[in-house]
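Each chain is listed here by its residues.
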Amino acid sequence: MKIAFVTGILASPLVVLAQLNALAKDAGLLYFGTAVSPGDSNDAPYYRLENDIKNFGQYTPDNAQKWDALQPSRGSFSYGAADAIVNRALSNKMLMRCHTLVWYSQLPGWVSSGSWTKDTMTAVMQTHISNVMGHFKGKCYAWDVINEALEDDGSYRNNPFLKALGDSYFALSFKFAAAADATTKLYYNDYNLEYFPVKADGAVRIAKLVQAAGVPIHGVGLQAHMTVGRTPSRANLTWTLNKYTALGLDVAYTELDVRIKPLPSNSSSLQAQAKEYEAIVGSCLDVPRCVGITVWGFGDSHSWIPSTFPGAGDSNLYDKNSKPKPAFSSVSALLASASGKRPPWNTAASTTLLTTTKPAVATPTA
Ligand SMILES: *[C@@H]1O[C@H](CO)[C@@H](O)[C@H](O)[C@H]1NC(C)=O
Ligand SMILES: *[C@@H]1O[C@H](CO)[C@@H](O)[C@H](O)[C@H]1NC(C)=O
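A few points on the structure. Per chain, residues are indexed from 1 in the order of the written sequence. Chains and ligands are labelled by the order in which they are written, letters from A for the one and numbers from 1 for the other. Thresholds applied to this predicted model are a pLDDT of at least 70 for local features of residues and 80 or more for the giving and counting of side-chain atom pairs; totals over whole chains, interfaces and linings are not thresholded and use all residues. Hydrogens and waters are ignored; side-chain quantities use all the structure's heavy atoms.

**Concerning the layout of surface pockets**
Selection rule: With a 1 Å grid laid over protein atoms only, a set of points is called a cavity when a 1.4 Å probe fits there but cannot get out and a pocket when it is open yet has protein on both sides within 12 Å along at least five of seven lines; lining residues have an atom within 4 Å of a point. Grid points are joined across faces, edges and corners, and a volume is the space filled by probe spheres set on the points. Amino acid classes used here: Ala, Val, Leu, Ile, Met, Phe, Trp, Tyr, Cys and Pro are nonpolar; Asp, Glu, Lys and Arg are charged; the rest, including Gly, are polar.
Volume-wise, the largest pocket comes out at about 580 Å³. Looking at the largest pocket, it is lined by 31 residues, and the ones nearest its centre are Lys66, His225, Glu255, Trp296 and Trp304. A per-class count over the lining of the largest pocket returns 11 nonpolar, 13 polar and seven charged.

**What about the nonpolar core?**
Nonpolar side chains in soluble globular proteins tend to end up buried together. Our working definition: Here, the term nonpolar core denotes a set of buried Ala, Val, Leu, Ile, Met, Phe, Trp, Tyr and Cys residues that are joined through side-chain atoms within 4.5 Å. A simple rule labels every residue: compare its accessible area, found with a 1.4 Å probe on the protein chains alone, to the largest value its type can have, and call it buried under 20%, exposed over 50%, or partly exposed in between. Numbering goes from the N terminus for both helices and strands, where a helix is a DSSP run of H or I of at least four residues and a strand is a run of E of at least two. When checking whether two residues touch, look at their non-hydrogen atoms; a contact exists if any pair is within 4.5 Å.
Phe32, Tyr169, Leu317 and Leu335 are the most contacted members of the largest nonpolar core, which totals 101 residues. Counting residues per element, this core draws most heavily on helix H12 (residues 267-286), at eight residues. Dropping the residues within four chain positions of it, Phe32 is found in contact with Leu20, Asn21, Ala24, Asn55, Phe56, Gly57, Gln58, Ile293, Val295, Leu317, Val331 and Leu335. By size, the runner-up hydrophobic cluster in this structure holds nine residues, among which are Leu30, Tyr31, Leu95 and Tyr141.

**With respect to the environment of Ser168**
Considering the arrangement of structural elements, one finds Ser168 in helix H9 (residues 168-180). The exposure class of Ser168 is partly exposed, given its relative accessible area of 30%. It is 9.3 Å that separates the C-alpha atoms of Ser168 and Ala213, two residues lying 45 residues apart in sequence.

**Quick look at the pattern of salt bridges**
Inclusion rule: The salt bridge criterion pairs a side-chain nitrogen of Lys or Arg with a carboxyl oxygen of Asp or Glu, the two atoms within 4 Å.
According to the stated counting rule, one finds 11 salt bridges in the structure shown. The partner of Arg88 in a salt bridge is Glu50, and the shortest N-O contact between them spans 2.9 Å. Placement of the pair is Arg88 in helix H5 (residues 80-91) and Glu50 in helix H3 (residues 44-50), with a sequence separation of 38 residues. Grouping residues by exposure puts Arg88 and Glu50 together as buried. Of the charged contacts in the structure, one is a salt bridge between Arg97 and Asp144, with a shortest N-O distance of 2.9 Å.

**Some remarks on helix H10 (residues 197-212)**
This is how it is decided: To estimate how far a helix should extend, the number of its residues minus one is multiplied by 1.5 Å.
Relative to the 22 Å expected for 16 residues at 1.5 Å per residue, H10 spans 22 Å between its end C-alpha atoms, a close match to the ideal helical length. Taken residue by residue, H10 has Lys199, Ala200, Gly202, Ala203, Val204, Ile206, Ala207 and Val210 as its buried positions. Tucked into the core, H10 has its buried residues touching H9, strand S5 (185-190) and helix H11 (234-245). A positive phi of about 75° marks Gly214, the residue just after H10.

Next up, the structure:
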């Protein structure tokens, strides 16, 4: 299997270099990024790739900014692990996608099993959002304000926020977020938007509710946790992305991986995976307002898939030894072939953000 990888790489001379981010930028995206975890530093080859801005230009903390990590008990905020990731990104001159504020999962018990009225839940949301976004103010290119508020059938997921506030919690969350940091892009983020048109339309409905309330929303994040053999075509993915850009929103792939089942993978399933990664990245290139792509880890030993979906795995661009797989080659070659085909993304705006983060909170713009 190792020999197959090497052959695949040599067949395509452009991809010997680990330069996903450099290639993505040349192709007009703002970044190619990855989820990161504090434990990544224990794996030296992996950590080297993770800290190389030619390969990754953006980080998303996998767990460190979730509610249970940041406000485990009421009024007590804990920022150490998240600060370490954010500071590493900024010293590497990388962008941060910050993740996430209002989500039903990884909520501490005091929120999920509390009994809330409209007013008390509003206060809890406002306190959390304003503290957290205030703490990271100016350091996040984007924030996933609301995560996974939809069921696969497009209905609203029953969570403590919906229970207390009904569908008014969507606009309220974005309103508090905009008030806390006016320099960041505010996103709605969810999974399976790629697969289920009714769910994709649910996210359209949420974005429209926020817009109708006169509150800013800047983008929709499509998580893109895909499965080999089930990934929609590039054209179909483009069609889905355009549902959101038609509302004046940016789009991004925020948690990409393509899992293989059954294991072990073999050369044909790895080739199929390479094609499906290519369709996803290609659809982002096809949509001018697709900002960038974030993979949910990039090595097969750094993946949430095997423990969450037993029997599935090998979902990433690199293998367990941080060696590039066929999917790495296909994505690199596709990005290289798209070089110069669209203008550089919003360079002025992103440069401003990076430089203003150095002297912390110099000029409040809110
Ligand atoms: C995309 O796929 C969905 C689900 O199979 C289908 O309903 C829709 O018509 C497709 N759209 C296009 C443009 O291919
Ligand atoms: C490779 O794995 C797939 C399942 O993912 C299986 O259907 C196929 O038969 C395998 N091919 C070989 C050559 O082992």
